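Residue-level structure breakdown
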Amino acid sequence: SGEIIIIQDADLEYDPKDYTKLIEPILSGRADIVYGSRFIGSDPHRAVYFWHSLANGFLTFLSNIFTGLKLTDIETCYKVFKSEIIKEIKIEENGFGFEPEITAKIAKKNYRIYEIGISYYGRTYSEGKKISWIDGIKAIYFIIKYNIFR
């Protein structure tokens, strides 16, 4: 019901203390949408899963090819929107398909999109991490689906 909507995972790999810097570009009138990036900035990052980082870089690169954006982290949890923007987008995917879908859909509009470096406290599989290589394959499908066929 507010003017800004922030997406936050429940597992707290992302720290809510970053909210202030994530909403600042919107509050100052410079941005319509802000992505939090785990790959830029100097905030703390837990050093886990090299292959996940490499896969994320590939998926972001592939998405950028289709969208023309220059993002560093499309698979980030933190996506911040002016509420009127996210409310006008029909979201079709559940789960990890949301990231490529929403990125493709906002890229087709003339929104001002920013990225902000965030902290990241990644979990291990023994700590409850759920994503797997099959989610990466699905992400490729969703990138193609929402950039070419929609």
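All of these numbers come straight from a predicted model, not from anything done at the bench. (Residues numbered from 1 in each chain as written. Predicted model: local features only at pLDDT ≥ 70, side-chain atom pairs only at ≥ 80, totals over all residues. Heavy atoms only, no water.)

1. Notes on the sheet that holds strand β2 (residues 33-37)
Heads up, the condition is: Strands pair, by our definition, only if DSSP identifies at least two bridges between them. The way it works is that DSSP assigns letters per residue, a run of H or I at least four long becomes a helix, a run of E at least two long becomes a strand, and they are numbered from the N terminus. Note on method: axes are straight lines fitted to C-alpha atoms, helices fitted across the in-contact stretch only, with angles between N-to-C directions ranging 0 to 180 degrees.
Sheet architecture is open: 4 strands sit in the order β1-β3-β2-β4, paired in mixed fashion. The strands lining the two open edges of the sheet, one partner per strand, are β1 (4-6) and β4 (113-117). Each strand of the sheet is rotated relative to its neighbour by a mean of 20°, with strand direction disregarded. In this structure, β1 lies alongside strand β3 (residues 79-82), joined through 3 bridges in antiparallel fashion.

2. Considerations on the pattern of salt bridges
Basically, it comes down to this: Salt bridges are defined as contacts in which a side-chain nitrogen from Lys or Arg sits within 4 Å of a carboxyl oxygen from Asp or Glu. Only protein chains enter the area calculation, which uses a 1.4 Å probe; residues under 20% of their type maximum are buried, those over 50% are exposed, and those in between are partly exposed.
Using the criterion set out here, one finds 15 salt bridges in the structure. As a salt-bridge pair, Arg 30 and Glu 24 come within 2.3 Å of each other at their nearest N and O atoms. A relative accessible area of 36% places Arg 30 in the partly exposed class. What you see here is one network of salt bridges that share partners, running through Asp 11, Glu 13, Arg 123 and Lys 129.

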